Amino acid sequence: MMVTQFLENVKAKARANKQRIVLPEAEEERTIKAADVILGEGFADLILIGNPEVIAEQVKKYKLEHINRATIVDPKNNPKKEAYVELMLQLRGAKGLQREQAEKLIEDPLYLGALMVKAGDADGEVAGANNATGDVLRPAFQYVKTVPGVSVVSGAMLMFIPDTQFGENGFMVFADVAVHPNPTAPELAQIAVSTGQTTRAIAGFEPRIAMLSFSTKGSAKHEMVDKVVEATRLAKEMDPTLQIDGELQSDAAIVPGIGSKKAPDSRIAGKANVLVFPSLDVGNISYKLVQRMGHAEAIGPILQGMAAPINDLSRGCSVSNIVALTAITCCQAQAKAVH
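Residues numbered from 1 in each chain as written. Predicted model: local features only at pLDDT ≥ 70, side-chain atom pairs only at ≥ 80, totals over all residues. Heavy atoms only, no water.

A. Highlighting the nonpolar core. Judged by nonpolar contacts, the single largest core of 62 residues is most densely connected at F6, L46, L48, L158 and M211. When residues of this core are assigned to their parent elements, the largest contribution, 9 residues, is made by helix α8 (residues 185-203). In contact with L48, not counting residues within four places along its chain, are L23, A26, I32, A35, I55, I67, A70, T71, I72 and V73. (Core = buried A, V, L, I, M, F, W, Y, C linked by side-chain atoms within 4.5 Å. Buried < 20%, exposed > 50% of the residue type's maximum accessible area, 1.4 Å probe, protein only. Helix = DSSP H or I, 4+ residues; strand = E, 2+ residues; numbered from the N terminus. Contact = heavy atoms within 4.5 Å.)

Right, here's the structure in full:
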């Protein structure tokens, strides 16, 4: 599947059940241009956080046509400020948050965006074009938090590989490629389950998850192998509906001939479309090698494990990156609503 077709499918899915997505960096050029595209294509309802006068100037400067369809919230003059401050104190007062601090923080667009999501006034958030990852995620971790039963946030990368014999006609999902450096077995199990859920919600195919290692079914003995074996067991317990197997070497996971030879009893070996890596080192290195040497196209990382979808952009992102990630965030929000 080509990236263009995939994105059109995601947008169509988003359009069928529109979600409210907050963009806290609405004064930023790429973000406001992306917002205009999104509103023009009609696949999300947008909440733009920023000074209305600055946004009006941007609309005029860039000849934007659709921004009047958005809800614009001024972080310095927000009628719901007091309600959000009360929510902040309710959630963080025991940790030492003072009213004066909360009243200042809620004027920060990133905190305001996170509180909107927590309060149910928005279904998801996309930010990071103008802010570091830590600044985007801090309020998300403090207020939106993770899914019940999941303590780990991880990053999934959608990989479109020219050689269509792999995955689903060349479409695969890799995780974790972005967040958690050295997960324990229970954390790795959570990453696997979250990635399976992301695959269902975003990629649109049934995941066949390979838990990767340098060993296949006991071919090597090491504590790093033991971690993957235990994580596989725990992941199966966490979500029995998912097809998960491990430990598998990467060739055994994706090449049918090798999979049938090394793991003849496995339903996943040789057929995996989702790869879960044992550490961030392996995941990040692997996706970049596949991207550069295998000429794959990569979309992401998509953050998973949050109680509501909050996605972080690269500060080098393009307008089209913001549009794509917003559509993906909508589909994540739809999946959360179902659960």
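Moving on, there is more to tell.
B. A look at the pattern of salt bridges. Applying the stated criterion to the full structure yields 19 salt bridges. Between D121 and K80 there is a salt bridge, with the nearest N and O atoms lying 2.9 Å from each other. With D121 in the loop between α6 (109-119) and β4 (124-127) and K80 in the loop between β3 (71-73) and α4 (81-92), this residue pair connects regions lying 41 residues apart in the sequence. Here D121 falls in the partly exposed class, since its relative accessible area comes to 22%. By relative accessible area, K80 is classed as partly exposed at 38%. Its salt-bridge partner being R200, residue E206 comes within 2.6 Å of it at the nearest N-O pair. The exposure class of E206 is partly exposed, given its relative accessible area of 37%. Among the charged side chains, a network of salt bridges with common partners joins E82, E86, R99 and E103. (Salt bridge = Lys/Arg side-chain N within 4 Å of Asp/Glu carboxyl O.)

C. Seen up close, helix α3 (residues 52-61). In this structure N51 caps α3, since a side-chain oxygen of it lies 2.8 Å from the backbone nitrogen of E53. Trailing α3 by a residue or two, K63 shows a phi angle of about 55°, which is positive. (Polar contact = N/O pair within 3.5 Å; in protein donor to acceptor, adjacent residues only side chain to side chain.)

D. Molecular detail of the state of the cysteines. Following the criterion strictly, the structure yields 0 disulfides and no others. Among the cysteines around C317, which has no disulfide bond, C330 carries the closest sulfur, lying 16 Å off. C330 supplies the cysteine sulfur nearest to C331, a cysteine that is in no disulfide, at a spacing of 6.7 Å. The exposure class of C331 is buried, given its relative accessible area of 1%. (Disulfide = S-S within 2.5 Å.)

E. Region of the structure containing the sheet that holds strand β9 (residues 274-276). Reading across from one edge, β8-β7-β9-β6-β5-β10 is the order of the 6 strands in this open sheet, with mixed pairing throughout. Lying at the two open borders of the sheet, with one neighbouring strand each, are β8 (243-248) and β10 (297-304). Adjacent strand axes in the sheet meet at a mean angle of 20°, parallel and antiparallel pairs treated alike. Here 5 bridges tie strand β7 (residues 208-212) to β8, and the two strands are oriented parallel to one another. Across the sheet, the residue bridging to I209 is I244, located in β8. Running at roughly 35° to β10, helix α1 (residues 3-16) makes contact with β5 (154-160), β6 (171-175) and β10 of the sheet. (Pairing = 2+ DSSP bridges. Axes fitted to C-alpha atoms, helices over the stretch in contact; angles between N-to-C directions.)

F. Inspection of the pairing of strand β1 (residues 20-23) at higher detail. As paired elements, β1 and strand β2 (residues 45-49) share 4 bridges and run parallel to each other. Bridging from a neighbouring strand, V22 pairs with I47 of β2. Tracing the backbone out of β1, into helix α2 (residues 29-41) and back to the parallel element β2 gives a crossover that is right-handed. When β1 meets β4, the two strands line up parallel, connected through 2 bridges. (Right-handed = clockwise from strand over helix to strand, strands pointing away.)

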